[in-house]
Amino acid sequence: MAGLKPGLYEQLLSLSLKRELDALSARHHAELDRLHPAEAPDRISCTLRD
């Protein structure tokens, strides 16, 4: 697919997860923030470890 910017899949996935998390409870909300590339391995390892 030509013309799609990099990271589109990740953006769609993040948006979908945010909607699901927001729907869990009115008292909780998801916050999205940019991830520094150097932090990515740490975040991935935390997710896989759990």
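This text follows the structure it describes.
The sections below set out a description of the structure shown in this document.

On to a nonpolar patch on the surface, then. A contiguous nonpolar surface patch, about 330 Å² in accessible area, is contributed by Tyr 9, Leu 13 and Leu 17. Relative to the helices and strands, Tyr 9 resides in helix H1 (residues 8–24).

On to the pattern of salt bridges. A complete count under the given rule lists one salt bridge for this structure. Here Lys 18 and Asp 22 are joined by a salt bridge, their closest N and O atoms 2.7 Å apart. Note that Lys 18 and Asp 22 are positioned in helix H1 at a spacing of four residues, about one turn of the helix.

Calculation criteria
As a convention, each chain's residues are numbered from 1 in the sequence order in which they are written. Whole-chain, interface and lining totals are the exception, using all residues; otherwise, since this is a predicted model, local features are given only for residues with pLDDT of at least 70 and side-chain atom pairs are given and counted only at 80 or more. For the side-chain quantities, the full set of heavy atoms in the structure was used; hydrogens and water were omitted. Residues form patches when they are more than 30% accessible in relative terms and have no salt bridge. Like charges link within 9 Å. Nonpolar side chains (Val, Leu, Ile, Met, Phe, Trp, Tyr) link within 5 Å. The method behind every accessible area is Shrake-Rupley, applied with a 1.4 Å probe, and residues are considered shielded solely by the protein chains displayed. Think of a salt bridge as a Lys or Arg side-chain nitrogen and an Asp or Glu carboxyl oxygen that are within 4 Å of each other. Helix and strand definitions follow DSSP, with helices as H or I runs of at least four residues and strands as E runs of at least two, each counted in order from the N terminus.

The values are spatial; any link to function lies outside them.
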